[in-house]
Amino acid sequence: MDFISILSIFVLACFVGYYVVWSVTPALHTPLMSVTNAISSVIVVGALIAAAAAGSPGSKWLGLVAVALASVNIFGGFAVTQRMLSMYKKRERKDG
Amino acid sequence: MVEAAAHAQPAWALLAYLIAGICFILALRGLSSPESSRRGNATGMIGMAIAIATTLAIHLPGTSVTPIATPTTFLVNWTVLAEMLVAVGIGATAGLVIARRIAMTAMPQLVAAFHSLVGMAAVLVGAAAYLNPEAFGITAQIPYFHSSLTSGCCFTGIARVSRVEMGLGVAIGAITFSGSVIAFLKLNGNMSGKPILLPLRHVINLGTLAAILILIAYFTQDQSPWVFFTVMGLSFAIGFLLIIPIGGADMPVVISMLNSYSGWAAAAMGFTLHNTAMIITGALVGSSGAILSYIMCRAMNRSFISVIAGGFGVVTSSGDAAAVDRPYKRGSAEDAAFLMSQAEQVIIVPGYGMAVAQAQHAVREMADLLKAKGVTVKYAIHPVAGRMPGHMNVLLAEANVPYDEVFELEDINSEFAQTDVAYVIGANDVTNPAAKNDKSSPIYGMPVLDVEKARTCLFVKRSMGGVGYAGIDNELFYRDNTMMLLGDAKKMTEEIVKALG
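What counts and how
Residues numbered from 1 in each chain as written. Chains lettered and ligands numbered in written order. Predicted model: local features only at pLDDT ≥ 70, side-chain atom pairs only at ≥ 80, totals over all residues. Heavy atoms only, no water. Disulfide = S-S within 2.5 Å. Buried < 20%, exposed > 50% of the residue type's maximum accessible area, 1.4 Å probe, protein only. Helix = DSSP H or I, 4+ residues; strand = E, 2+ residues; numbered from the N terminus. Pairing = 2+ DSSP bridges. Contact = heavy atoms within 4.5 Å. Buried area = accessible area lost by both parts, 1.4 Å probe. Salt bridge = Lys/Arg side-chain N within 4 Å of Asp/Glu carboxyl O. Axes fitted to C-alpha atoms, helices over the stretch in contact; angles between N-to-C directions. Core = buried A, V, L, I, M, F, W, Y, C linked by side-chain atoms within 4.5 Å. Expected span 1.5 Å × (residues − 1). Arc of directions from axis to C-beta.

A.B. asks: So what's going on with the state of the cysteines? Residues and values would help.
C.D. replies: Two cysteines joined by a covalent bond between their sulfur atoms form a disulfide. Using the criterion set out here, one finds zero disulfides over all chains in the structure. In this model Cys297(B) remains outside any disulfide bridge; the closest cysteine sulfur is found in Cys14(A), 19 Å from its own.

This is the structure we're talking about:
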């Protein structure tokens, strides 16, 4: 992929982000932060590439540490978001 | 040709990364209402699983062997794969344990800590890419300087565009890391929430930022290690310097801003790796954090620049000493219980003080007893109540308060006039009428909750001496329709519960 196509994806994604985030209800802003935190750990992709590559031991070890750090975030981020979201409950309606 | 060959990712992998990116968009989209949010979160997990599985599949460690007259076989290097899985395992265990144990009141610290990890991961990935550019497919034939017109003159180096992307990624990642560490220490109470103001700090900060940008530009001409690592070092330093002067009350902005940075760091690394999942995610997270910062700034009527410049909450207004001596009405838990049980509608206004005292469960118990007596109970939340966006909503949800009883400022402000009792617990600045009528006040112009319009205003406060984070007095304390309930927020609420029961 050349630079311009990547840039196009990036710019369009910024607009998608803009509209999607404005539609998030303020009551869920804390879960929004924790889930964005979890997904930004997709940087683990780069870490895995570094850890898997042969050729530079230094690069490999940096990659492994990055994999561990990003994993804390991925698992911790999604789990804590799940925990928070499961607490949001609607009022129980008393019928009759 | 080296560049093209290294970038060739199979088409299915590109599609898989795109799908992962779409899953992340849907994960955020789900948060538009609590009902759809859990499904959204699950979609996010699926997206992450797709991204990781795809990466492992196309970057499986090992070597291709092509013996004569047989198809190519791929020998997997199991040791390296095991090492990678162990790294994931360690991270996953730590993450899950933290996620399970963390108290909801400590969410701001946790988010700050998580941001620092994203930042550090970006720095490490950037450094790894710098040390092993072939693995990341970012090498190119670089013509020697001054001789770009002749052929056969080139060396294999890191592509120029990739150097800029990498430099930016590492710089933003390092700023995110060190900034988040300071934010964590301040939120966690290891460091005073008071702003620390260095002399000449604006000059130092702007100078460092300029140096970083100039070095990144120079990096395109010279890929020596000193340039790369100086950019990294300066970026770590600027992260510390930027957050140190920002006070506790501005933490909601800081933490949203760092959220945004962590996204931009991921996006920059995505540019380096030509990875759509990372770019989409980075753009989403980046805009999300930016929008949250904007919402927080607007809720405080402050400009983003003034928050970044720091120092808010240092100047205490001059009227304080006299203010403490002004007469005020003090009430007991029994008085409060009586007033609220006679009311038709009570609005509870929680603030950071409720989080500190862990009083959310007691508050919900009180609300239940009032509802049993036929009182309508609602909650009013100011956007900057607490230490991060939406903090109060989570705490109330934790205490089993139904989310449809909780209202945002714009939705409930007109109701205070028809309300008998406003129960303000641990909030101060967000109720201060000075924001509406005192032009000299530092918080003038900030939208506030009109609690003074309620027939009676009950303020739960530790003592009369203390002021809010803005460092200004609240004249509501001395009004005729205000009753001060002095004491610990949790104990006071529990006493009211006893008196009601």
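Next comes the rest of the account.
A.B. asks: So what about the pairing of strand E8 (residues 421-425) of chain B? Which residues, and what values?
C.D. replies: Residues and elements named next belong to chain B. Most of E8 sits out of view: five of its five residues are buried. Side chains Val421, Tyr423 and Ile425 project from E8 onto one buried face, and the interleaved Ala422 and Val424 project onto a second face that is buried too. Pairing of strand E5 (residues 345-350) with E8 involves five bridges; the strand directions are parallel. If you follow Ile347 over to E8, its bridge partner there is Ala422. Strand direction decides the pairing type here: E8 and strand E9 (residues 456-461), joined by five bridges, are parallel. Across the sheet, residue Tyr423 finds its bridge partner in E9, namely Leu458.

A.B. asks: If you had to explain the interface of chain A and chain B to someone new, which residues and values would you point to?
C.D. replies: Facing 80 residues of chain A, the contacting portion of chain B comprises 101 residues. Together, the buried faces of chain A and chain B total about 8100 Å²; carbon and sulfur atoms form 77% of this surface. Linking chain A with chain B are two salt bridges. In this structure, the salt-bridge partner of Lys90(A) is Glu35(B), at a minimum N-O distance of 4.0 Å. By residue number, the principal contributor to the side of chain A that touches chain B is helix H4 (residues 57-85) of chain A, which donates 25 residues.

A.B. asks: Quick rundown of the pattern of salt bridges? Include the residues and the values.
C.D. replies: All names here are of chain B. Applying the stated criterion to the full structure yields 12 salt bridges over all chains. Across the pair Lys371 and Glu405 runs a salt bridge, and its minimum N-O distance is 2.9 Å. Here the residue Lys371 occupies a position in helix H16 (residues 360-372), and Glu405 occupies one in the loop between helix H17 (391-398) and strand E7 (406-408), the gap between them amounting to 34 residues. The partner of Glu415 in a salt bridge is Lys378, with the nearest N and O atoms 2.8 Å apart. One end of the pair, Glu415, is in the loop between helix H18 (409-412) and E8; the other, Lys378, is in strand E6 (residues 376-381), and 37 residues separate them in sequence.

A.B. asks: Explain the sheet that holds E9(B) to me, and be specific about the residues and the numbers.
C.D. replies: All names here are of chain B. If you walk across this open sheet you meet the six strands as E7-E6-E5-E8-E9-E10, and the pairing is parallel. Strands at the two margins of the open sheet, each flanked by one partner only, are E7 and strand E10 (482-486). Averaged over all adjacent pairs, the angle separating strand axes in this sheet is 25°, with direction ignored. As paired strands, E5 and E6 are joined by four bridges and run parallel to one another. Within E6, the position partnered with Ile347 by the bridge is Lys378. Sheet contacts for H16: E5, E6 and E8; angle to E6, the most-contacted strand, approximately 145°.

A.B. asks: Talk me through the nonpolar core; I want residue IDs and the actual numbers.
C.D. replies: Core analysis: the largest hydrophobic core is formed by 187 residues, its most contacted members being Met340(B), Ile348(B), Tyr423(B) and Ile496(B). The biggest single contributor to this core is helix H5 (residues 107-131) of chain B, with 15 residues.

A.B. asks: Pulling in residues and values, what's your account of helix H8 (residues 201-219) of chain B?
C.D. replies: Residues spaced three or four apart along an α-helix face the same direction, because each turn holds 3.6 residues. Residues and elements named next belong to chain B. The end-to-end C-alpha separation of H8 is 27 Å, in line with the 27 Å expected for 19 residues at 1.5 Å each. Along H8, the residues that are buried comprise Arg201, Asn205, Thr208, Ile212, Leu215, Ile216 and Phe219. Each buried residue of H8 sits inside an arc of 100° when the element is viewed along its axis, so together they form one side. In H8, those exposed residues whose orientation departs by more than 90 degrees from the buried face are Val203, Leu206, Leu213 and Ile214. Contacts made by the buried residues of H8 are with H5, helix H7 (160-187), helix H9 (225-243) and helix H12 (304-309).

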